[in-house]
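Here's the letter readout for the chains.
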Amino acid sequence: MRPDLLKMKEVALIYLDRSGGLQKFVDDCKRYNDSKQSYAVYRFIISVNPSDIAELDVALGNQILHKPMKAVQIFQSVSEFVCLQRQKYIQHFKPDFSLQNHFIFELQVCFIAIKTLSLIEQLQTEAQINIVLKPTHLPPLPSYVLSLCEFPLDYISQRFYMSEGIVIAMGTVVKYTQGARFLCSEETCPFSEDKQLVEMIDAKALSAFQGYSNNKPHFRIQSFTVFLRDELSNKMKIGNRYRFIGIPACIQNCSQVTVCIEVNSIQLCSPEARGIRHPASSDIFPTVSKDKHGTGTASIQACSALLAKGGICFIGDLLSQKKDKLELLQSVLESRTTTVFIPGKKYGDVDQQVILPIQTSFWTFVDEDSSSKKYVQKDDTLIGKLDLRSISTNLIDAFGLLIHCNELSCQLVLPLLDHIMKKAIDPEEVPYTISQQFRTQDYEELIVFAKNLQVELSSEAERLIHGYYLASRRVRTDSIHGSKLSTSALKILVSLSEAHTKLSLRRKVLEEDVLIAVLLFESSLTLKHGASVFCVAPNAVFPFDLIDENTLQQRDVYLMQCHQQLLQFIATYSPGTRYH
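Residues numbered from 1 in each chain as written. Predicted model: local features only at pLDDT ≥ 70, side-chain atom pairs only at ≥ 80, totals over all residues. Heavy atoms only, no water.

Within the protein chain, the regular secondary structure consists of 20 helices and 20 strands. Counting only residues that meet the buried cut, the protein chain has 41% of its 580 residues in that class. Taking the contacts inside the protein chain whose residues are at least 6 apart along the sequence as the reference set, 68% of them involve residues at least 24 apart. Looking at the protein chain as shown, the accessible area adds up to about 32500 Å², and 55% of this sits on carbon and sulfur atoms. (Helix = DSSP H or I, 4+ residues; strand = E, 2+ residues; numbered from the N terminus. Buried < 20%, exposed > 50% of the residue type's maximum accessible area, 1.4 Å probe, protein only. Contact = heavy atoms within 4.5 Å. Areas by Shrake-Rupley, 256 points an atom, 1.4 Å probe, with all protein chains shown as cover.)

Okay, structure coming up:
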């Protein structure tokens, strides 16, 4: 045997002994042997840290990183050695490197050794042994990061690369035979394992959905497909962002070339701030289509709702949506889930129903002018109430919060003119020195940090929420329809209070946070049902422009007055509530 190859096998054995890989191999053999299930392939997963191995032997580290198939053969022969030295290993294994002949045996010898030592009694042929190397990570260098712009021109070897992406489509799990890697025709075949095809896009491509306009020319997002096999099946969820290690390849499908990646390991990325502007011509919620790789299986497409996971999906004018879409939207807002039906007749399987959680906030708007054209304004409309008869009351309640934005068009004119004039006089001048110091990325990082803060309600804040809720129920209740406050009112008030606390970078919800929540919620109730005894301004949180420190101080005085009015409102209509 070549000395360099022998040295790499010796180093592989040392590493496995130190890392616990040898013990795991014997334990896996015992697990297979004790199992009553029949296996077509006996699969052994060996986790390796390329950096640690490179410190022991650079050549072996290089084989793992750049020639993984040859590295597998090296660890395969080490597995043979474990089989032959099983009795020594059980008695606190000490590798005997003087027995170099043990490293010369090929796969057939490993098979004979396993059979002779009864490591796996069911083993029939050497082709059933499959060693899988899983690197824990790759060096943080550009050459190990997959670039779709350069692939396949500069990727001449099948080796490991790192990549990131967001899942935009996911196929159903199908069976394949491990040895030959083809689809198994029998669903109940005991000699097959799971495989799943997942479609992803680069995380940077998500920005194309954040400012979508129908006036812009159509664009195409380049996606790539990843293969999840065995224990990795169902480890990815639609809409999530993942970092993974895998081996890329090009697949020719008719005239189209597709980049596919055989995934080796998966890591879920930290949550991020997202915003998606839903294109009016597409679906808001997931749909089902046939897998584009010709497997005949179903593929669930993410659509806008899941792409905005953990963030905001802006769906535009609510009245532009058809009735069935609005009914589906209401159902999702109430249950926070959506169900995808996969017909077995169409996709060669039994009927399936996949329930997907919707962790997205939906924003929309209603054009007051277009809405009023459909209906004649009623004379008995309450003060402050919008005429929203064109929209289901349950759908409006499902959104939780309604904000009137009509007055913003006037308030924005003067600041905008001031900005334009300053830029025209001196284009190089920075008109807003403080705000210009912060980038969009800074605000995104602030939102992500604030979102992950764990906050708790103070006793004063909790009493204020309950006091306002009880008082509002009393003033907004009639003998015919009962209370106009929905059952979710308390939950909305708590969520708004906690959100203001997080944006203030605090961990305890105070009365000032509850006050902001109450003002927003009361404004929403006014738009839905008209003004109440606790009367608030249309733009209660920001009643005037904030342009300097004086206006900030004026807002503080205004909010203190609102706080006193709130306490008086609660004392009058919910007198049993105590605060201090």
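Following the structure, the description resumes.
Bringing the pairing of strand β13 (residues 312-317) into the picture now. Relative to β13, strand β10 (residues 275-277) runs parallel, the two being bridged by three bridges. By the bridge assignment, Gly275 is partnered in β13 with Ile312. Sheet analysis places β13 next to strand β16 (residues 361-365), joined by four bridges and oriented parallel. Note that in β16 the partner of Asp317 across the bridge is Phe365. (Pairing = 2+ DSSP bridges.)

Right, let's get into the environment of Ile570. Within the fold, Ile570 resides in helix α20 (residues 549-573). For Ile570 and Leu464, which are 106 residues apart along the polypeptide, the C-alpha to C-alpha distance reads 8.4 Å.

This structure, assessed with the given rule, holds nine aromatic pairs. Taken together, a centroid distance of 6.5 Å and an interplanar angle of 85° make the contact between Tyr468 and Phe521 edge-to-face. Taken together, the residues Tyr468 in helix α17 (residues 459-475) and Phe521 in helix α19 (residues 511-529) connect sequence positions 53 residues apart. Here Tyr468 matches Phe521 in class, with each residue buried. Their ring planes at 65° and their centres at 6.3 Å tell us that Tyr468 and Phe534 sit as a pair that is edge-to-face. Taken together, the residues span a long stretch of sequence, with Tyr468 in helix α17 and Phe534 in the loop between α19 and α20 at a distance of 66 residues. Comparing Tyr468 with Phe534 shows no difference in burial state: the two are buried. Three or more aromatic residues link up through ring pairs in this structure, and these residues are Tyr468, Phe521, Phe534, Phe569 and Tyr573. (Phe/Tyr/Trp six-rings, centres within 6.5 Å; stacked < 30°, edge-to-face > 60°.)

On to the packing of α17 against α20. Contact pair α17 / α20: the axes reach a minimum separation of 9 Å and the direction vectors enclose 60°. The orientation of α17 relative to α20 falls into the category oblique. Remark: the crossing between α17 and α20 carries left-handed chirality. On α20, the residues touching Leu464, Gly467, Tyr468, Ala471, Ser472, Arg474 and Val475 of α17 are His563, Leu566, Leu567, Phe569, Ile570 and Tyr573. (Axes fitted to C-alpha atoms, helices over the stretch in contact; angles between N-to-C directions. Parallel < 35°, antiparallel > 145°, perpendicular 65-115°, else oblique. Left-handed = near helix turned anticlockwise from the far one by under 90°.)

For the rest of this paragraph, the subject is the pattern of salt bridges. Applying the stated criterion across every chain, the model contains 17 salt bridges. The partner of Arg43 in a salt bridge is Glu231, with the nearest N and O atoms 2.6 Å apart. Of this pair, Arg43 sits in strand β1 (residues 42-48) while Glu231 is found in the loop between β7 (223-229) and β8 (241-253), placing the two residues 188 residues apart along the sequence. Taking the relative accessible area as the measure of exposure, Glu231 reaches 31% and is therefore partly exposed. (Salt bridge = Lys/Arg side-chain N within 4 Å of Asp/Glu carboxyl O.)

The next point concerns the side chain of Ser163. Mapping Ser163 onto the fold places it in strand β3 (residues 161-171). Discounting residues that sit within four places of it in the chain, Ser163 has contacts with Leu146, Phe224, Tyr242, Arg243 and Phe244.

A separate point is the sheet that holds β10. Across the sheet, three strands lie side by side as β10-β13-β16; this open sheet has parallel pairing. A strand with exactly one partner marks an edge of an open sheet, and here the two such strands are β10 and β16. Neighbouring strand axes in the sheet, compared pairwise and without regard to direction, differ in orientation by 20° on average.

So, about the confidence of the model for the protein chain. Mean pLDDT over the protein chain stands at 78; residues scoring 70 or higher make up 74%. No element of the protein chain has a lower mean pLDDT than helix α6 (residues 86-90), at 43, and none a higher one than strand β20 (residues 508-509), at 96. A low-confidence stretch, residues 408-414 stays under pLDDT 50, and its non-local contacts, those more than four residues away or across chains, total three contacts. (pLDDT = per-residue confidence, 0-100.)

Let us look at the side chain of Thr526. Turning to its location among the elements, Thr526 is positioned in helix α19. Within the local environment of Thr526, its side chain forms a polar contact with the backbone oxygen of Glu522, the two atoms lying 2.9 Å apart. (Polar contact = N/O pair within 3.5 Å; in protein donor to acceptor, adjacent residues only side chain to side chain.)

So, about the pairing of strand β12 (residues 298-301). The pairing of β3 with β12 spans three bridges and is antiparallel. Looking across to β12, one finds that Gly171 is bridged to Ser299. Across four bridges, strand β11 (residues 287-290) lies against β12 in antiparallel orientation. In the sheet register, Thr287 faces β12, and the bridge partner there is Gln301.

What tends to happen in soluble globular proteins is that the nonpolar side chains get buried as a cluster. One finds Met200, Val226, Met236 and Phe362 to be the most contacted residues of the largest nonpolar core, which totals 53 residues. No other element matches β3, which puts six residues into this core. Not counting chain neighbours up to four residues away, the residues in contact with Met200 comprise Gly165, Ile166, Val167, Ile168, Ser223, Phe224, Val226, Met236, Tyr242 and Phe244. Core analysis: the second largest hydrophobic core is formed by 32 residues, Tyr468, Ala471, Phe521 and Val536 among them. (Core = buried A, V, L, I, M, F, W, Y, C linked by side-chain atoms within 4.5 Å.)

A few words now on unusual backbone geometry. Positive phi outside glycine occurs at Asp230, with the angle close to 55°. Looking at the element boundaries, Asp230 is found in the loop between β7 and β8. Residue classification places Asp230 among the buried positions, given a relative accessible area of 11%. In this structure, Asn234 is a non-glycine residue whose phi angle is positive, near 65°. Assignment of secondary structure puts Asn234 in the loop between β7 and β8.

We now examine a nonpolar patch on the surface. A contiguous nonpolar patch, built from Tyr443, Leu446, Phe449 and Leu505 and spanning about 380 Å² of accessible area, is present on the exposed surface. Positionally, Leu446 belongs in helix α16 (residues 440-451). Take Leu446: its relative accessible area is 33%, and that puts it in the partly exposed class. (Patch = residues over 30% accessible without salt bridge, like charges linked within 9 Å, V, L, I, M, F, W, Y side chains within 5 Å.)

In this section: helix α9 (residues 323-335). Relative to the 18 Å expected for 13 residues at 1.5 Å per residue, α9 spans 19 Å between its end C-alpha atoms, a close match to the ideal helical length. Of all the residues in α9, the buried ones are Leu326, Leu329, Gln330, Val332 and Leu333. An end-on view of α9 places all buried positions within 165° of arc, on one side of the element. Contact partners of the buried residues in α9: β13, β14 (337-342), β16 and α12 (393-399). Where α9 terminates, the next one or two residues include Arg336, which has phi positive at roughly 60°. (Expected span 1.5 Å × (residues − 1). Arc of directions from axis to C-beta.)

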